[in-house]
Amino acid sequence: MSRVADESENENISLPPIRKPGPIKIWKTVDGFKTVGGVSKPVKIVIQEIPEDRYEDMLDHFTTHFIGDEPCCVSIKLKDDPVGIKDLRNIWKIILKQGLSVGAFVDDPKGGKPEIAGGNMLGYEIKDDDRKIDKYKMKPSAAKRLVEPALELYKEAKVFEHYNTNKHLFALGLIVQSCYRGHGLGAHILSVREKIGREYKIPMTTTPFSSTISQKSAARCGFELILSRDYDQILDEEGKEVFPGIKFKSMQVMGRRLF
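This report concerns the structure included in the present document. Computed from a predicted structure; not experimentally measured. (Residues numbered from 1 in each chain as written. Predicted model: local features only at pLDDT ≥ 70, side-chain atom pairs only at ≥ 80, totals over all residues. Heavy atoms only, no water.)

Turning our eyes to something else, we now look at helix α8 (residues 212-220). Along an α-helix, a turn takes 3.6 residues, which lines up residues three or four apart on a common side. Turning to α8, its buried residues number three or more, namely Gln215, Ser217 and Ala218. Buried residues along α8 cover an arc of 165° about the axis, so they all sit on one side. Opposite the buried face of α8, by more than 90 degrees, sit the exposed residues Ile213, Lys216 and Arg220. Looking one or two places after α8, you find Gly222, whose phi comes out positive at around 90°. (Buried < 20%, exposed > 50% of the residue type's maximum accessible area, 1.4 Å probe, protein only. Helix = DSSP H or I, 4+ residues; strand = E, 2+ residues; numbered from the N terminus. Arc of directions from axis to C-beta.)

Further remarks concern the packing of aromatic side chains. Enumeration according to the criterion identifies 5 aromatic pairs in this entry. Residues Phe209 and Phe223 carry aromatic rings whose centres are separated by 5.7 Å and whose planes lie at 85° to one another, so their mutual orientation is edge-to-face. Linking Phe209 in strand β6 (residues 204-209) with Phe223 in the loop between α8 and β7 (224-230), this pair joins segments that are 14 residues apart in sequence. Of the residues examined, Phe209 reaches a relative accessible area of 6% and is grouped as buried. The interplanar angle of 85° and the centroid separation of 5.7 Å between the aromatic rings of Tyr231 and Phe243 together place this pair among those described as edge-to-face. Of this pair, Tyr231 sits in the loop between β7 and β8 (250-257) while Phe243 is found in the loop between β7 and β8, placing the two residues 12 residues apart along the sequence. Given the relative accessible area of 2%, Tyr231 is considered buried. (Phe/Tyr/Trp six-rings, centres within 6.5 Å; stacked < 30°, edge-to-face > 60°.)

In short, shape yes, function no, at least from these values alone.
Put into structure tokens, the structure is as follows:
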């Protein structure tokens, strides 16, 4: 019988520190479009580190758009599971505190609060350091069903050995808000990992990509396939499919060297 997680077990979980206090780094500024009611308007989008005072905004953004749109989340109906949403927000908060996650913010010429167009939850791990996100004890929930297969694929892929390094830039969620899609913003968000790797001396990055769309975008950004697992082969303890009815064929762990 599995033990139900005690919230106090997770209070001191952290990831290895890497980003030092200082100015927020801007990685890239791109021309984008916001489409509302079928009308597209050009906007400037700044891809940057996420300021601490925008952490809660980014968590809300991911709760709304990632949980609402990402294929695996939709398959397991995560948006209807408050326990799972709370656990996933807690995990994202741990990752955000490391300071490497990326936000795509719409520049406001009038100086107002920039709207969030998208983001990428990025974390840093060291091979033999026990401070890893899989130490987080999750309650039985849809979020547990989402995260555990991804972590298992990471382990099976042996990404540290594959790239012969002990430093890893990992991701647990990338999303572009629907009204900003169709103009390559997701690829721009992916592409800045090279600058992050060089800045913080992290030589490689990997991600479990859940759809053909994100897999093709990753390939265009120089990611290679490390491990693929068809969804009908991702099963729970009772032998049932974890992601029933998902419209894509496989989850793929993809990675690339950053320098």
